[in-house]
Every structure is written in C-alpha cells, then in structure tokens.
Amino acid sequence: MADASKRKKKRKKYLKLRKNRIWHSLVMFLIVTIAAAALLVVFIVSVLYFSVDKGITGEYETAWKMAELYRNVTDEGDRYLSFDVMDTDYYITDKNGKVVHSKGKNTCGEEGYLYAIALEGNIDEDGKLLGSPEGVSTVLHRDTEDPVLGGYEDGAIYIDYKRLVGKVFDVFYTNTGKDKTDEDVSMELPVWEEVDLGSGETLFFKAKVSFKDTNLVFFVVMFLVSGALFAILLLVMMISTISKAINQHRVNKLFFTDMQTKGHNWLWFLLRSEQTLRRITSAKKSFALIDLELAGYRRYCVCHSVDDGEARLVETNNALCAMLGKKELCAHSSEHRFALLLEYADRDALQRRIGSMLSGLGGIGAHGFAFHAGVFLIPPEERGGFLGRRKDVDIESDYNNACSARATLEDRSESAAAFFEDKLVEDQKWEATVTEMQQRALAAEEFVVYYQPKYDPRTGELRGAEALIRWQSPEHGFITPYRFIPIFEKNGFITEIDHYMIQHVARDQRRWLDMGYRCVPVSVNVSRAHFIEPDLAEQIRDMIDREGTPHSLIEIELTESAFFDDKNAMINTITKLKQYGFAVSMDDFGSGYSSLNSLKDMPLDVLKLDAEFFRGEAAGTDRGEIVVSEAIKLAKSLNMRTVAEGVEIKDQVDFLAAQGCDMIQGYYFAKPMPAQDYEERMKNGRAEGAET
Ligand code: C2E
Ligand code: CA
Ligand code: CA
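Below or above, wherever it landed, is the structure these notes cover.

Rules and cut-offs
Residues numbered from 1 in each chain as written. Chains lettered and ligands numbered in written order. Predicted model: local features only at pLDDT ≥ 70, side-chain atom pairs only at ≥ 80, totals over all residues. Heavy atoms only, no water. Donors = N, O, S within 2.8 Å, 3.2 Å for Na, K, Ca; no water. Helix = DSSP H or I, 4+ residues; strand = E, 2+ residues; numbered from the N terminus. Buried < 20%, exposed > 50% of the residue type's maximum accessible area, 1.4 Å probe, protein only. Pairing = 2+ DSSP bridges. 1 Å grid on protein atoms, 1.4 Å probe; cavity = no way out; pocket = protein on both sides within 12 Å on 5 of 7 lines; lining within 4 Å. Points joined across faces, edges and corners; volume = space filled by probe spheres on them. Nonpolar A, V, L, I, M, F, W, Y, C, P; charged D, E, K, R; others polar. Expected span 1.5 Å × (residues − 1). Core = buried A, V, L, I, M, F, W, Y, C linked by side-chain atoms within 4.5 Å. Axes fitted to C-alpha atoms, helices over the stretch in contact; angles between N-to-C directions. Contact = heavy atoms within 4.5 Å. Near = heavy atom within 4 Å. Polar contact = N/O pair within 3.5 Å; in protein donor to acceptor, adjacent residues only side chain to side chain. Areas by Shrake-Rupley, 256 points an atom, 1.4 Å probe, with all protein chains shown as cover. Salt bridge = Lys/Arg side-chain N within 4 Å of Asp/Glu carboxyl O. Parallel < 35°, antiparallel > 145°, perpendicular 65-115°, else oblique. Left-handed = near helix turned anticlockwise from the far one by under 90°.

With respect to the coordination of the calcium ion (ligand 2)
Now for step 1: For the calcium ion (ligand 2), the full set of protein donor atoms is Glu 466 (OE), Asn 525 (OD1), Glu 557 (OE) and Asp 587 (OD), at a range of 2.2 to 2.3 Å.
Now for step 2: When the donor residues of the calcium ion (ligand 2) are listed from N- to C-terminus, their spacing reads E-x58-N-x31-E-x29-D.
Now for step 3: Metal-to-metal, the separation of the calcium ion (ligand 2) and the calcium ion (ligand 3) is 3.8 Å; Asp 587 coordinates the two. Of the two residues, Glu 557 is situated in strand E19 (residues 554-559) and Asp 587 in strand E20 (residues 583-589); the sequence distance between them amounts to 30 residues.

Following this line, the structure appears as structure tokens:
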C-alpha cells in the first residue's frame, strides 16, 4: 500500500513536470516567430504603402489643380502651360479617346500603369478630396489662413492657382525635408494618373512618385534593425527551447529509469501503456497485461547474494525486452516482478507465446527460481456496438488483476502462467468484505461453536468431539469455515479466532461439568500462525484456567502444514502443552507429504487420519486399506491414539473398528452440530443405533 501511494506521488510529480513539455515551448516558439515575422512584414508594407500613397495623392492633387486652371484658361497657347509647369510627360484625349495634345513619351500601359482617381466634384472648397476615392487615403489641406492662396467668397472658390501649384510643390518637397531638385531622387515609380478635364477631355500624366536616397536608407536601416531584433528574439527562444529539451530528457531519464535493471520502471510502463491503449483502436489490436514474478527470488538472494539476485533481474529484463514486439512494453514493476504489455490475436496463441517466453527465461538463475505469470486480457471497448478507442484505461487496476491471477500460482514450484478470471474479483471482494466485518463480528459474538462428536467404532461410545467454527452473520447468513478461515489465516485474524474458540470451548465444558454432563475431551484447531509466539502454551493454559476447565477436557489440533515452520519452536510448544496436561493431535495426517517425518520428532498424542483416506480413489481398495491399517499400527507403536475423519459409510466404520482405530469423526455418526444438540449427544453418551 505504501508502495502504491509512493508511486502515485511520483507519478503526480512527473505529470506536473511534464506540463512544461517541450512541445509547449515549440508551439510558443512558432507562434512568436510567425507573429513577429507578420508584424515586421505589416510594418514594412505599411510604411511603403504610406509613402507611395502619399506620393500618388500629392501628384493627383497637383494635377487636379492644374485641371481647374486648364478649364479656366481660354487662351489656346496658355492652355497647356499649367501642365508644362508640372514638368512631366502627359497627354490629353478628347471625348472620342483621340489624343489632342501630348508632351514627352506616352509609356502608360508599357512601363507603367494607370492610376485612376476621383472625378471632378470630389474635392471640396478647401481643395480637400471628399470621401475616400480608391487608392487615395491622404490629401493635402489648403492653408485657408493664407490670403495669398485664395479663399471662399459668395459660394464660389477663389484660388490663385499659379501660386497654389507652387505651394503644392513646396509642401511636397518640404514634407520630405528636401529642395525641389531632383538630384537625390534614386527611384521613380512608373505610375500614370488620370484626371477628368471636363467636356469629354481626359488628362493622363506620368506621376512623379519617387523614393529618395534618404527614404531608402531609412527603409534599409528600419529593415536591418527590425531584422536584427527579430533574429535576437529567435535566438533567445531557440536557446530556451533547446535547454528545455535537454532538461526534459534528463527528467525523463530520472523518472523513467529503473535503478536496479537500468531498463524502464513502473511509472514509464504506466504512462506508455496508457498512451498505447488510448491510441490504438481496440478493434485492431488486443492487449494483455502480464505480471511476471521471479518466484523464490528472495531465497535465491539468501543462498547466493543480493548482487547476484540483482544481476538476474537485469538478465531477466534484457531477455524480456528482446522478446517484445514493436508496440509491446516491459518494465521492472517492483522488487522481483516485471510488468508486460503484450499484443495478441487469440487467447490460445497468447498462452503458447507466454509458455515459450517462460521457457526462454528458464536458463536464468540456473533454475534457482521459477517464473510465474499472471495474465489479464484487457477487454475491448465497445460503444454503441462498435469497437472504439479505449477511453477508460486503468492500467493500475488491470495490473492488479494480473497480479491476482499470478498470486494463484504461489504454491507452484515450477514456472507457470495463470489467466485472470472473473471469479477472482468475486473472491477478492469477498476477502475485503470478510476483512472489513471480522472485528465487529468477533465483538458481536457472531462466531458460533459447533461440535462434531467422535465415537468409538467398536462400542459406539462418545469419546470426544471437535470444535468447529461457524459464522452466523446478520448480513450474509450462515457461513462455513471454508469461506473465511483461509482469509483469516492470510490476514492474521486467525489468532484471535483461535483464542475465541479455546475460550468458548473451555467455557462450555466448564458449564457442562457444572450441569453434571459426562464431558469428553473436545479438540480445538490451532492455526500455524500461532507458533511464532513462544508463550503459546502458556497463553492457552491461562485462557483455559480462567474458565476453570480441567486441562484433560481440552485437546489441541495442529494441522500438518503447521509442522514445517520452526521445528524446534513446535516441539517446544507441544512439549509444554503436554506438560500442562493437554492432549495434542496432528490433524489431517496423510494429506501432506512429510507426515512421517513430523511424526518422528513430535511428541503427539493423537493422529487424525485425513478424510481423503476414505474419499480418494484408493478408498475401499486393498491398497487403500493397507495404508490405513498400517497408519493405525504406526500410531499405536508410537503410543498414539487414532481418529478417522470424514467416515460416511458403515463398511468403513467396520473396517476401522477391526483395525483398532480408536475414534471416528464423520457424518456416519454425526455432523458438526450446535451446542444444544451436542448436549443431547452427551446425555446419550452413545451413538444412536450403535451396537453395544
Ligand atoms: P478440519 O479441521 O479438517 O475439520 C474437519 C472438517 O471435515 C469439518 O469441516 C467437518 O465438518 C468435515 N467433516 C467431518 N466429517 C465429515 C464427513 O463424514 N464427510 C464430510 N464431507 N465432511 C466431514 P468444517 O467444519 O467445514 O471445517 C473445515 C475446516 O475449517 C476445518 O477442517 C479446519 O481446517 C477449519 N476450521 C474449522 N473450524 C476452525 C477453527 O475453529 N479454527 C481453525 N483454525 N480452523 C477451523
Ligand atoms: Ca481439525
Ligand atoms: Ca481434519
């Protein structure tokens, strides 16, 4: 759990850092570059346009004034004088388009183009262009305060045109800060303008739109300065983007590299597999998540060394990576586990592939450990009947499922793979529910003691009983121990349950003694989890003493699996229990493979033959009977009593009686029963229908 929250924190931290991702900078960089370039272009074009526009407008204004003059002049000889003053090439056409007068070369349409502007009437009494004729955005204003230039009288315009023409030229050149000499003109634009002279005549003249050196220098300097600024901006942004990219690379390395294998870590796997699954349509590819464990890794490290173990992890990582396809992923997920994302076409093919992967890994660690693989098939995402891109990708929960599947292999010593099934989820949910309810159930005494009598097969006499737990849950009803005892054994609650059972059995026995029943020893199961407690025997003794129950009425049952943990501690506890006067029995004898060995060292009183003897394939056969009768003989020669469990039929009872089995605990005589029913059995003292 602590591991998971640590990983979550790391992931959050990484995602925060990723917010400064390189492409953000790149996009910013692009936007700024484009914006700056656009601004530069707009600026230069505007300045150019403004200059040209100003030139054209000025020329037009001048020509218009000339045209006014032209209309007022009646003398043929002077008519063209005003145009000549302009000192430019021009020609005049009549209403038929025929040239009636020209000066210089008519290049309109050849080297230049016609720039037609407003017709007569578009200029007001101040000599200002009205509206915004096409191409004209700036106009000259006449200084009406200047009496020399004329004025406005009785609704008619009075203008000294000759002086006005001069003034216009003055204004034009003064504005550019130069004389009206043409010396410094370095570029002339080939623009022709058209002015309506009235009565069908039109003037076409070559406008003197020009750039002077100073203007050009200004443009060039402007261009260079803004270009330089732009280049500096680009450089700064480029440096920052590159340094961010380097940083990002470092961050990636730091966050995604696994310290032990130098390959990828879980965080990388998490993000990459989410990405892969989101990107690829589930109709195209199916993916499976695998949890691969090096079972027995810790033992390997103890036998060899941690360094050796880590070298095997590196080897495993490399071998796994070499077996992957293009879209497939592998990472070291925790101490001795790896996470894999594999593509597959069908389940059988995947199973075969995992099988060959496991055998490919077989050489690693010289068979010092096995490889266990848990497989979770990521379900395709269906939306409206179509298979689509996966949206609800939850790698952590999918990986958990793969882990659950892998956990089912825990007891296997060879390499194996297990697929996740839905039942596993139910089991996990049930486990969580039981764990959640256990403490409250104990406090509310929801656990009930059932008693299963043990009878003498020859006499039918009641000789003992086994206390078996039942859970009477208000929410879930009657629950058999198979559904919760393994969970308690796993989560450690079993020690409290065992105490509870000992206490209640001792209390019942005391009560029955006080009520005058003929009590027989009742055996109580004690889980292996207890045997790490060095004072277990004392604890049991004190508990029973608190109830005031004679020790001879309590027997302690140890399951065979408990005999493996710590032999010396085991012998010690058994010896002490016997010293305190408790009988100790070995439960489920014959269900494991080391039973005989345990018998050799443990000073036990009772041997309980496992129900499998009477249920398995060999049950009832000659060979089966030989094994049972030899086991009984063995017990006898070790001075032990025998109890046969799970006996359901009369023939078996007869056979066991003939072999000298001391007691039978089985449905043939009685099923486990509530205390009240057991009281009846005690009263009778003998099995119903049993022969005397
Ligand atoms: P176990 O200790 O081997 O208990 C014997 C089981 O076999 C009991 O199942 C009993 O009902 C069943 N049984 C007895 N005779 C027959 C028969 O003739 N036919 C069949 N089919 N079954 C028979 P139960 O009570 O369901 O208990 C199951 C297991 O749960 C026990 O196996 C024991 O390992 C565990 N358990 C039960 N109560 C406790 C307890 O108080 N403490 C601990 N630690 N474990 C307990
Ligand atoms: Ca038992
Ligand atoms: Ca048993």
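Describing the pairing of E20
Now for step 1: For E20, the tally of buried residues reaches 6 of 7 residues, placing the bulk of the element in the interior.
Now for step 2: As paired elements, E19 and E20 share 5 bridges and run parallel to each other. By the bridge assignment, Leu 558 is partnered in E20 with Met 586.
Now for step 3: Here E20 pairs with strand E21 (residues 606-609) via 3 bridges, running parallel.

What about the layout of surface pockets?
Now for step 1: When its volume is computed, the second largest pocket comes out at roughly 760 Å³.
Now for step 2: Mapped by element, the contributors of at least two residues to the lining of the second largest pocket are helix H11 (395-407), helix H12 (422-443) and helix H13 (481-491).
Now for step 3: Each residue belonging to the lining of the second largest pocket can be placed in one class, and the counts come to 7 nonpolar, 4 polar and 7 charged.

Here's the deal with the coordination of the calcium ion (ligand 3)
Now for step 1: Around the calcium ion (ligand 3), the protein supplies Asp 587 (OD), Asp 588 (OD), Glu 645 (OE) and Glu 645 (OE) as donor atoms, at distances of 2.2 to 2.5 Å.
Now for step 2: One chain supplies every donor to the calcium ion (ligand 3), and in sequence these donors are spaced D-D-x56-E.

With respect to H11
Now for step 1: Helix length check: H11, at 13 residues, gives a terminal C-alpha distance of 18 Å against a target of 18 Å (1.5 Å per residue), a fit within 8%.
Now for step 2: Three or more residues of H11 are buried, namely Ile 395, Asp 398, Tyr 399, Asn 401, Ala 402, Cys 403, Ser 404, Ala 405 and Arg 406.

Observations regarding the nonpolar core
Now for step 1: If you look at the biggest cluster of nonpolar residues, it comprises 78 residues, and the most contacted ones within it are Phe 447, Ile 497, Leu 656 and Tyr 678.
Now for step 2: Element by element, the count of residues in this core is highest for helix H14 (residues 494-514), at 8 residues.
Now for step 3: With 27 residues, the next largest nonpolar core counts Phe 255, Leu 289, Ala 339 and Ile 395 among its residues.

Focus: the sheet that holds strand E8 (residues 286-295)
The strands making up a sheet associate through hydrogen bonds between their backbones, and the pairing can be parallel or antiparallel.
Now for step 1: Reading across the sheet, the 5 strands line up as E9-E10-E8-E11-E14 and stay open at both edges, with mixed pairing between neighbours. Single-partner strands in this sheet number two, and they are strand E9 (329-334) and strand E14 (416-419). Averaged over all pairs of adjacent strands, the angle between their axes in this sheet comes to 25°, without regard to strand direction.
Now for step 2: By the bridge criterion, 5 bridges tie E9 to strand E10 (residues 337-344) in an arrangement that is antiparallel. Its bridge partner being in E10, His 332 is matched across the sheet by Phe 338.
Now for step 3: The strands touched by helix H9 (residues 306-322) are E8, E9, E10 and strand E11 (370-377); relative to E10, the strand with the most contacts, the crossing angle is about 5°.

Here we look at the site of ligand 1
Now for step 1: Around ligand 1 there are 23 residues in total, and Gln 452, Arg 470, Asp 587, Glu 648 and Tyr 667 lie nearest to it.
Now for step 2: Take Gln 452: an N or O atom from its side chain is 3.0 Å from a nitrogen atom of ligand 1.
Now for step 3: With respect to ligand 1, the backbone of Ile 469 contributes an N or O atom lying 3.1 Å from a nitrogen atom.
Now for step 4: In isolation ligand 1 offers 790 Å² of accessible surface; the protein chains occlude 86% of this area.
Now for step 5: For the shell around ligand 1, the secondary-structure elements that each account for two or more residues are strand E16 (462-473), H13, H14 and E20.
Now for step 6: By residue number, the principal contributor to the shell around ligand 1 is E16, which donates 4 residues.
Now for step 7: Here the residues of the shell around ligand 1 are counted per class, giving 10 nonpolar, 5 polar and 8 charged.

Thoughts on the pattern of salt bridges
Now for step 1: Inspection of the entire model under this criterion finds 31 salt bridges.
Now for step 2: In this structure, Lys 608 engages Glu 466 in a salt bridge whose closest nitrogen and oxygen atoms are separated by 2.8 Å. Of this pair, Lys 608 sits in strand E21 while Glu 466 sits in strand E16; the two residues are 142 residues apart in sequence, bridging distant segments of the chain. For the pair Lys 608 and Glu 466, one class covers both residues: buried.
Now for step 3: Close ionic contact of Arg 507 with Glu 547 constitutes a salt bridge, the shortest N to O distance being 3.2 Å. Taken together, the positions of Arg 507 in helix H14 and Glu 547 in helix H15 (residues 536-547) put the pair 40 residues apart, joining distant regions of the chain.
Now for step 4: Judged by its relative accessible area of 37%, Arg 507 is partly exposed.

Describing the packing of helix H19 (residues 622-637) against helix H20 (residues 650-659)
The description of two packed helices rests on the angle between their axes and on the distance between the axes.
Now for step 1: Contact geometry for H19 and H20: axes closest at 10 Å, N-to-C directions at 40°. Put simply, H19 runs oblique to H20. The two elements H19 and H20 meet at a crossing, and its hand is right-handed. Taking contact as the criterion, the partners of Glu 625, Val 628, Ser 629 and Ile 632 in H19 are, on H20, Phe 655, Leu 656 and Gln 659.

Concerning the pairing of strand E1 (residues 90-93)
Now for step 1: With burial as the criterion, each face of E1 is covered, one bearing Tyr 90 and Ile 92 and the other bearing Tyr 91 and Thr 93.
Now for step 2: Bridge analysis of E1 against strand E2 (residues 99-103) gives 4 bridges, and the strand direction is antiparallel. Directly across from Ile 92, in E2, lies its bridge partner His 101.
Now for step 3: Linking E1 back to E2 in an antiparallel pair, the connection comprises 5 residues, with Gly 97 at a positive phi of about 85°.

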